[in-house]
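Letter by letter, the chains look like this.
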Number of protein chains: 2
Amino acid sequence: MKYYLGLDVGGTNFVAGIIDENYKIIEKAHIPAGAGRDIKEIIADMVKVSLEVVHKAGMQISDFTSWGIGMPSFVNPETNLLVHANCFGWKNVPIYSYLEPYIPLPIYIENDANCAALGETLAGGARGHENVLMLTLGTGLGGGIILNHKIYAGADMMGAELGHTKLVYNGEQCTCGQYGCAEAYCSATALIRQAKEGLKRNPDSFMAKLCDGDISRLEAKTVFEAMEQGDILAKQVIEQYIDYLSCAISSFVVIFRPEIIILGGGVANAGEILRKPLQERLLVNTYAGDEIGVPEIRLAECGNDAGLIGAAMLEKYGMDRNKKQGVEE
Amino acid sequence: MKYYLGLDVGGTNFVAGIIDENYKIIEKAHIPAGAGRDIKEIIADMVKVSLEVVHKAGMQISDFTSWGIGMPSFVNPETNLLVHANCFGWKNVPIYSYLEPYIPLPIYIENDANCAALGETLAGGARGHENVLMLTLGTGLGGGIILNHKIYAGADMMGAELGHTKLVYNGEQCTCGQYGCAEAYCSATALIRQAKEGLKRNPDSFMAKLCDGDISRLEAKTVFEAMEQGDILAKQVIEQYIDYLSCAISSFVVIFRPEIIILGGGVANAGEILRKPLQERLLVNTYAGDEIGVPEIRLAECGNDAGLIGAAMLEKYGMDRNKKQGVEE
């Protein structure tokens, strides 16, 4: 049995794990992210938690052939710099140079949304499929594309940024500075904003009661809960949100025609009350949908483990970054 | 020297050609499309013009290993039916069965926009590149994607329909029936519509004079000509058009991060007065453009030959449709 070492670097926790050939996690270790600290401290913790999981499993670094890392960022293959990681306030960090001295393995770094898509393809909702689109509906809108069973991240490996395609020309400003990005309409943050805008017009909505009148506490799940209780505003907000999301997905469908679409992230926890109407709207809102159909939308199955599983398997199913790997240089 | 047989099926002409290994056209034949005729007559003409070019070159069908065809449609690989070809009013046509009896070669059929992208990559503006995006700004907005030197048309080979991604949520109705498609804002047809809308507000524009007051005669080039003559409305219309187009392209850039973007079709004949400001707006309107830049936009170089060259080379650089090829079945 071959084993794979992965690390999922999130804004809250760093989770290291060892994955077997069947994509099962056999050991895990975690450490708080502690954002805002010095880069060197964060790098030290990425190494520490990875060594810890190897130790816990009674294994050694030499038992592995690579170290796969998922991060909320991407590496510029021209410069080998991590372009930015907003959650740490990083910009243009020589990540390979920082990590290489500590763990003598080829390092594979990939965007966390791409890792999640790979994890769900290998072990989750898209098992058995080779062409998969995954959207993570969280603070942002993460996108991951699997083509022929491998991560596709664009010709220069900095693409697949599905959340920053334009959905509403000249629309709401996105956190990225651009206007009308899909993320600005389809993330959990966007759903909350849309609900709050509705509450201004209709402050008596059940949504307000569910957060005890303190609208700053409104979450994505509050809107779904209110809808299930029969609240009309919540229903309208979610119908509008689903229409936005179906249009965003329709663009990815006409480009990629994936076999399966996976929904992950906090909003996807709503389950069938999101998935089913979204599937229906996708058919209506997609070019030639009436003639050739649209792919099935499924809910993610691996939860927070998807990114870790994908990171560990980057050596095998990541993009071909060999020329850019630290140790081969 | 190996030679390749191609056929470009357009709404006006069918052009057959023989291409050498260096992607040079060594012989050509054409026949009027004669839209509106019976399918069998059109099929007969597709065969006739292809046999004619082989004859003109003093060659035989057995000198070729495939027959590559570009059409304004796509084949559903599940059913082997040509889904639709609007210019002929066709829908679900068993194209392989119709063609196979006449020319005993493996047949490769691909969307014409994809063929044009391949032709420009092999012999035109994107020579030497392996990851290319081409947009054809004509009656519609055709899109072609080259990944790792091959056509990419989606997992089921019915994708890469870039013109039908959403640009303006809930916007103008597209000829496809959907709302807000990129095609409805970025095609030559859309530019003409935008100019006509402007003329309603400002009938004294030089654009009206250029068509002798008969606005139905307004073409895309009229708008560019009026702008060059200093017409303010034409300048506004083109600036708005370029902004729409840059936003559409920005979505493809954040997904694919191609090495080069090629512009073809009638609107691209405007040349630098389109290309240069479009390049500038693309940088402004693309996510992370300020950090990692945007690809270079170039004008197509092969003109009407791009589709023919690409069609002829489908055997080598098309998607892997072997399982669906007629003669192997």
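Use the structure listed above.
Keep in mind it's a predicted model, so treat the numbers as computed, not measured.

**Notes on the interface of chain B and chain A**
Okay, so step 1: Listed by partner, the interface residues are 43 residues for chain B and 43 residues for chain A.
Okay, so step 2: Carbon and sulfur atoms supply 61% of the area that chain B and chain A bury against each other, a total of about 3,700 Å² over both sides.
Okay, so step 3: If you sort the residues of chain B by the area they bury against chain A, B:Y169, B:I255 and B:Y287 come out on top, with a joint share of 23%.
Okay, so step 4: Scanning the region where chain B abuts chain A turns up two salt bridges.
Okay, so step 5: Between B:R257 and A:D156 there is a salt bridge; the shortest N-O distance is 2.9 Å.

**A word on the relation of the copies chain B and chain A**
Okay, so step 1: The two copies are related by a screw operation: chain B maps onto chain A through 180° of rotation and 0.0 Å of translation along the axis, at an RMSD of 0.0 Å. Overall, the copies show the geometry of a two-fold rotation axis. Proximity to the rotation axis, assessed at the C-alpha, singles out B:V168 in chain B; its C-alpha lies 2.4 Å from the axis.
Okay, so step 2: Interface overlap between copies: 100% of the residues of chain B at the interface are likewise at the interface in chain A, consistent with a symmetric, same-surface contact.

**Some details on empty space enclosed by the protein**
Okay, so step 1: Tallying each qualifying case throughout the model produces four cavities of 30 Å³ or more.
Okay, so step 2: Space inside the largest cavity adds up to approximately 80 Å³.
Okay, so step 3: Taken together, 13 residues make up the lining of the largest cavity; nearest its centre are A:K166, A:S251, B:T165, B:K166 and B:S251.
Okay, so step 4: Elements with a contribution of two residues or more to the lining of the largest cavity: α8 (232-256) of chain A together with α8 (232-256) of chain B.
Okay, so step 5: The class makeup of the residues in the lining of the largest cavity is seven nonpolar, four polar and two charged.

**Section: the pattern of salt bridges**
Okay, so step 1: For the structure on display, the rule yields 26 salt bridges over all chains.
Okay, so step 2: For A:R275, the salt bridge is made with A:E272, and the minimal N-O distance between the two is 2.6 Å. Separated by three residues within a single helix, A:R275 and A:E272 lie in helix α9 (residues 272-285), roughly one turn from each other.
Okay, so step 3: Looking at A:R275, the relative accessible area reads 16%, which means it is buried.
Okay, so step 4: Taking the relative accessible area as the measure of exposure, A:E272 reaches 41% and is therefore partly exposed.
Okay, so step 5: The partner of B:D305 in a salt bridge is B:K28, and the shortest N-O contact between them spans 2.7 Å. Pair noted here: B:D305 is in helix α11 (residues 305-312) and B:K28 is in strand β3 (residues 25-32), with a separation of 277 residues, a long-range link.
Okay, so step 6: Judged by its relative accessible area of 24%, B:D305 falls in the partly exposed class.
Okay, so step 7: Taken together, the salt bridges that share partners define one network made up of A:R37, A:E41 and A:D45.

The rules behind each value
Residues numbered from 1 in each chain as written. Chains lettered and ligands numbered in written order. Predicted model: local features only at pLDDT ≥ 70, side-chain atom pairs only at ≥ 80, totals over all residues. Heavy atoms only, no water. Contact = heavy atoms within 4.5 Å. Buried area = accessible area lost by both parts, 1.4 Å probe. Salt bridge = Lys/Arg side-chain N within 4 Å of Asp/Glu carboxyl O. Least-squares fit on C-alpha atoms with pLDDT ≥ 70 in both. 1 Å grid on protein atoms, 1.4 Å probe; cavity = no way out; pocket = protein on both sides within 12 Å on 5 of 7 lines; lining within 4 Å. Points joined across faces, edges and corners; volume = space filled by probe spheres on them. Helix = DSSP H or I, 4+ residues; strand = E, 2+ residues; numbered from the N terminus. Nonpolar A, V, L, I, M, F, W, Y, C, P; charged D, E, K, R; others polar. Buried < 20%, exposed > 50% of the residue type's maximum accessible area, 1.4 Å probe, protein only.

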